[in-house]
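# Coordinate analysis (summary)
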Amino acid sequence: SQSDYFQATRGGGHGDYRQIVLAPASLQEIADLTILSFDLADKYRMPVMILGDGILGQMMEPVVLKNTSREPQAASHKKDWILDGCKGREPRMIRSLLLEEGALERFNEKLQAKYREIKDKEVLCEILYGDDSDIMLVGYGTTSRICRKVVETLRKEGKKIGMIRPKTLWPFPEKEFKQIADKVSAFLVVEMSCGQMIEDVKLSIDCKKPVYFYGRSGGGVPTEEEITDKLLTINPKR
């Protein structure tokens, strides 16, 4: 299921810290985002989590391994923090617990500035039919694949349904959701849980538009028919 969204995006430890969370929806994306995760972890010196789900972990799909001969981004920039011996330079001390008065607060402020940079530069999401939809489906991972099929089917019937898929769960695509909220009348969040990402959707749009939810828990998987039936209960009004 997708019941570990809170654990991944909110963190389970002490401190004002964040971690980058990537949400693939296919085995190709798992491969591509794994390469990206190493680059991001090295660039920002922080953990990066790839949040898959049980279905992705058990399916078989063709995968093309891209850029396998490229020089990693990790090798392309100077690292002034590695411990490689201090001959000819000042020693480096790598630590996160600073006991001098005010030092730890200044260190936390430095981290927060880094997190703001990540939110500005590293957001990934996919938008389908964002310009003319009345209702936008929201899903990530396996549920986004099901939502995509629902959108394709209903579009053929003339219904104005679109989809927005976060590929980074943190940083969450807040700006993209705000822009979409100005164009649509409602959102329907679909998750394999009792509802966790729905909180980030509501926060991103400042609750300016209705946000509905459909979910299955305990390993249950929403079907196209169930999502379509839920959509039919929503009466979009701008």
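Data block above holds the structure.
Only a predicted model underlies this, so the values are computations on that prediction, with no experimental measurement involved.

What follows concerns the sheet that holds strand S5 (residues 161-166). If you trace the five strands from one edge of the open sheet to the other, you get S3-S5-S4-S7-S8, paired in mixed fashion. Looking at which strands have only one partner, the edges of the open sheet turn out to be strand S3 (125-128) and strand S8 (211-215). The mean inter-strand angle of the sheet, taken between neighbouring strand axes irrespective of direction, is 20°. As paired strands, strand S7 (residues 186-191) and S8 are joined by five bridges and run parallel to one another.

What follows concerns the side chain of Arg 165. With respect to the helices, strands and loops of the structure, Arg 165 is situated in strand S5. A relative accessible area of 3% means that Arg 165 is categorised as buried. With residues up to four places along the chain from it excluded, the contact list for Arg 165 reads Ala 23, Ala 25, Glu 29, Cys 125, Glu 126, Gly 139, Tyr 140, Ser 144 and Arg 148.

For the rest of this paragraph, the subject is the side chain of Ser 204. Here Ser 204 shows up in helix H7 (residues 197-204). Within the structure, Ser 204 has its side chain in polar contact with the backbone oxygen of Asp 200 (distance 2.7 Å). Each residue touching Ser 204, except ones within four places of it in the same chain, is listed here: Phe 172, Glu 174, Phe 177 and Lys 178.

A separate point is the packing of helix H5 (residues 142-156) against helix H8 (residues 224-232). The N-to-C vectors of H5 and H8 enclose an angle of 60°; their axes lie 9 Å apart at closest approach. By the criterion of interaxial angle, the relationship of H5 to H8 is oblique. Crossing geometry of H5 relative to H8 is assigned as right-handed. Contacts between H5 and H8 involve Ile 146, Cys 147, Lys 149, Val 150, Thr 153 and Leu 154 from the former and Glu 224, Ile 227, Thr 228 and Leu 231 from the latter. For the contact of H5 with H8, the class distribution of residues is six nonpolar, two polar and two charged.

Once that is clear, we can look at the packing of aromatic side chains. For the coordinates displayed, the defined rule picks out five aromatic pairs. Pairing Tyr 115 with Trp 170 gives two aromatic rings, centres 6.1 Å apart and planes at 90°, and the pair type is edge-to-face. Of this pair, Tyr 115 sits in helix H4 (residues 103-121) while Trp 170 sits in strand S6 (residues 168-170), and the two are 55 residues apart along the sequence. Owing to a relative accessible area of 6%, Tyr 115 belongs among the buried residues under this scheme.

What counts, and at which threshold
- Residues numbered from 1 in each chain as written.
- Predicted model: local features only at pLDDT ≥ 70, side-chain atom pairs only at ≥ 80, totals over all residues.
- Heavy atoms only, no water.
- Pairing = 2+ DSSP bridges.
- Helix = DSSP H or I, 4+ residues; strand = E, 2+ residues; numbered from the N terminus.
- Axes fitted to C-alpha atoms, helices over the stretch in contact; angles between N-to-C directions.
- Buried < 20%, exposed > 50% of the residue type's maximum accessible area, 1.4 Å probe, protein only.
- Contact = heavy atoms within 4.5 Å.
- Polar contact = N/O pair within 3.5 Å; in protein donor to acceptor, adjacent residues only side chain to side chain.
- Parallel < 35°, antiparallel > 145°, perpendicular 65-115°, else oblique.
- Left-handed = near helix turned anticlockwise from the far one by under 90°.
- Nonpolar A, V, L, I, M, F, W, Y, C, P; charged D, E, K, R; others polar.
- Phe/Tyr/Trp six-rings, centres within 6.5 Å; stacked < 30°, edge-to-face > 60°.

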